[in-house]
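Okay, here's what each chain looks like letter by letter:
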Amino acid sequence: MAAGMLALPLLVVLAAAAAAITACGATTVAYNDRAVVIDGQRRIILSGSIHYPRSTPQMWPDLIRKAKEGGLNTIETYVFWNGHEPRRGQYNFEGNYDIVRFFKEIQNAGMYAILRIGPYICGEWNYGGLPAWLRDIPGMQFRLHNEPFEREMETFTTLIVNKMKDAKMFAGQGGPIILAQIENEYGNIMGKLNNNQSASQYIHWCADMANKQKVGVPWIMCQQDDDVPDNVINTCNGFYCHDWFPNRTGIPKIWTENWTGWFKAWDKPDFHRSAEDIAFAVAMFFQKRGSVQNYYMYHGGTNFGRTSGGPYITTSYDYDAPLDEYGNIRQPKYGHLKELHSLLKSMEKVLVHGEYNDTSYSKNVTVTKYTYGGSSVCFINNQFDDRDVNVTLGGTHLVPAWSVSILPDCKTVAYNTAKIKTQTSVMVKKENTVEKEPEALKWSWMPENLRPFMTDDRGSFRQKQLLEQIATSTDQSDYLWYRTSLEHKGEGSYNLYVNTKGHEIYAFVNGKLVGQNHSANGEFVFQLETPVKLNSGKNYISLLSGTVGLKNYGPLFELMPAGIAGGPVKLVGANGTDIDLTNNSWSYKSGLAGEHRQIHLDKVGYKWQSHNSSIPVNRPFTWYKTTFAAPAGQEAVVVDLLGLNKGAAWVNGNSLGRYWPSYTAAEMDGCHVCDYRGKFKAEGDGIRCLTGCGQPSQRYYHVPRAFLRAGEPNTLVLFEEAGGDPTGAAFHTVGVGPVCVAGAEAGDDVTLSCGGHGRVVASVDVASFGVARGSCGAFEGGCESKAALKAFTAACVGKESCTVKHTAAFAGAGCESGKLTVQVTC
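Cut-offs used in this document
Residues numbered from 1 in each chain as written. Predicted model: local features only at pLDDT ≥ 70, side-chain atom pairs only at ≥ 80, totals over all residues. Heavy atoms only, no water. UniProt positions renumbered as here; feature names shortened; annotations may be inferred. Axes fitted to C-alpha atoms, helices over the stretch in contact; angles between N-to-C directions. Helix = DSSP H or I, 4+ residues; strand = E, 2+ residues; numbered from the N terminus. Parallel < 35°, antiparallel > 145°, perpendicular 65-115°, else oblique. Left-handed = near helix turned anticlockwise from the far one by under 90°. Contact = heavy atoms within 4.5 Å. Nonpolar A, V, L, I, M, F, W, Y, C, P; charged D, E, K, R; others polar. Phe/Tyr/Trp six-rings, centres within 6.5 Å; stacked < 30°, edge-to-face > 60°. Buried < 20%, exposed > 50% of the residue type's maximum accessible area, 1.4 Å probe, protein only.

If you check an unreviewed UniProt entry, the protein appears there as Beta-galactosidase from Urochloa decumbens. Annotation of the protein in UniProt includes, under Catalytic activity (unreviewed entry), the sentence "Hydrolysis of terminal non-reducing beta-D-galactose residues in beta-D-galactosides." Entered under Sequence similarities (unreviewed entry) in the UniProt record, the comment concerning the protein runs "Belongs to the glycosyl hydrolase 35 family."

Here it is, written out as structure tokens:
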């Protein structure tokens, strides 16, 4: 069918589907080759991912408001199957899993929404969002054409769709949802599943199943460039999608994931993607006919509980997003993109309707002109990463390396992606002013009850083999006990040898901890070898295997084993004699005693110990508890756990997630070297813009304000698995410290903001021309402008925000007129 004949039938069919569930205020959603069409109008969609389980319901309105004020018109989220159905047939739609409430908040803000059901999501989420209990179902093959998986997938998809329909959340019902997704990044792995026919049947089944739901909005599939069902829209994910186009005509160019940074693992430093590079990627996308663009993430948030995937992905899921882990505005990224969004929206009609013409000026320089209704807009891109270029277009324009200039009248540059005009904010951590910490924190402790696990007498079941951990425990805990016993004549000295595919292991012999080890990230097959002594008679060996998040991505990722699957487990004697325990009778038990007792809830009757406020430290398998006063104000709260080793933390019974501050981030070539010019990478060679090398991978852990009780004691409970010292723990607030604008030109309005929460400008520290050294908070040199200092002091001190026009009058007293740098402290 010709491209020109395809668009109209699609518009008609989708409009009819929407009418089937029409309610008061219904919105029709269709599409053509240039845009998503909402109520008959072609629209540019500027979206941002905010994942409801990675924040709290109390945070949602503020996050959504900031996204809207940042120039977005849409919020996108995955749906988290294993969070909603942690056990088969047992559902959770409460608290931060109240998905209907989340979409209602989007609706209340007057924004659109994109519903990404998956239900496989990747998302650096535990097991990619798939419930581990699926493995208990006979005949189950994940993400292939088989009745058990497709039955469960359709059941869950239908459940979510019906919840959205019941709440009238789809556009045809007057709700915010304009697009829905089924499956996720399947095209990346379908050719590696060793069953091309089954993979193809499965992905076409997914599309048919989704369309049977009759949601009244288009269905999309991201990263599905080959073997694309004809009743879905395929879309792009990546750092750059300007050179990507959908696989057929008649459908718009959609970018479901523009990665604003990268996730972090326990052994990795922090990845930073510059505001200049993200703006470059977005501008290039819209220059090349893009119409729907989503930031992944706009707010990353926190992997509470055991939700982080990996293995070895941190509790923080900050992602270097425009809104940081705690919901604070990250400047200049947020503001620089906000300016771009405003300009793109002002050109919407021309971009989605206009005739376009691309003119190549050289290998890496292209001018694109859109014309519609007598108006024209132009883009000039310079993809050289090492040179600026001059381009003549209604005048001569200097386009910096790796940047795009946008000319809304094809004459005057209104925005260049490499020229940041918005402020830079340095976030600082402030001590708890309500009490002096850590001195004020009085600790008590409780040993983890290991005694029941030190023999093989009582377990859930026995097997004469070493089982795989995920299938055995259905991932209801990080921990699985493997226990066995043997008779030995006389005393004996051996090396205990354990081969494991887990992430960490602890070995006990006759009730004593004899060794521990954990895998290097990425290997997950390692050995524990430790000397042991056996008694004459019966001896007990207890092995505790631990996981630190389950794999979430890759072909057949669900089959990556964990635990002491298959072993071997041996006792190796000095004279070369081996005692092979691999096929012994092993007793199994999932979880720790403290987990089953729910010690983190600090129930009445628990016997916490304290001897004149002294507690044992560096003691493995120990629970600690203290009470603290909530920090004053409304700024985000974190707890500093430096000094602890590895474990989990709760505040007032609410999980903060896993902690592991003893794990040091690796030194990498890209540390402290940052240049926005050139393609951003997060893997392989050429990585740059890293910070935190050689420091604790994660020292601070988010304590949402919703977890705290003002004016009364709050309880912090820690389970220290490996042995650490909690006495240095302290609570801090996170807010804006130094704020700077560098390179302001004459005529610019210089706006400075302390970000709300009652913070005001305390002082103006720098108002100088020609500053060439240092960064925000530590500028050096330059020529101080007394006139500028006076103007900014008068306008800003004591105010939450202020705007001052940079005028030629600021020059003088020996300073040459030019670019001005201003720094204030909030």
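Once you've had a look at it, read on.
## Let's talk about the packing of helix H7 (residues 275-287) against helix H8 (residues 333-346)
Two elements in contact, H7 and H8, have axes separated by 9 Å at closest approach and are oriented at 20°. Considering the angle they form, H7 stands roughly parallel to H8. Once H7 is placed against H8, the crossing between them reads as right-handed. Contacts between H7 and H8 involve Ala275, Glu276, Ile278, Ala279, Val282, Ala283 and Phe286 from the former and Lys333, His336, Leu337, Leu340 and Leu344 from the latter. Residue composition of the contact of H7 with H8, grouped by class: nine nonpolar, one polar and two charged.

## A word on the packing of helix H2 (residues 60-69) against helix H4 (residues 99-108)
Their axes nearest at 10 Å, the elements H2 and H4 cross at an angle of 40°. Handedness of the H2/H4 crossing: right-handed. Of the residues in H4, those touching H2 at Trp60, Pro61 and Ile64 are Arg101, Phe102, Glu105 and Ile106. Residue composition of the contact of H2 with H4, grouped by class: five nonpolar, no polar and two charged.

## Quick notes on the packing of aromatic side chains
Under the defined criterion, the tally for this structure stands at 49 aromatic pairs. Look at Tyr52 and Phe102: their rings are 5.6 Å apart centre to centre, the planes differ by 45°, and that puts the pair in the tilted class. Residue Tyr52 is located in the loop between strand E4 (45-50) and H2, and its partner Phe102 is located in helix H4; the two are separated by 50 residues in the primary sequence. For the pair formed by Tyr52 and Phe102, the shared burial category is buried.

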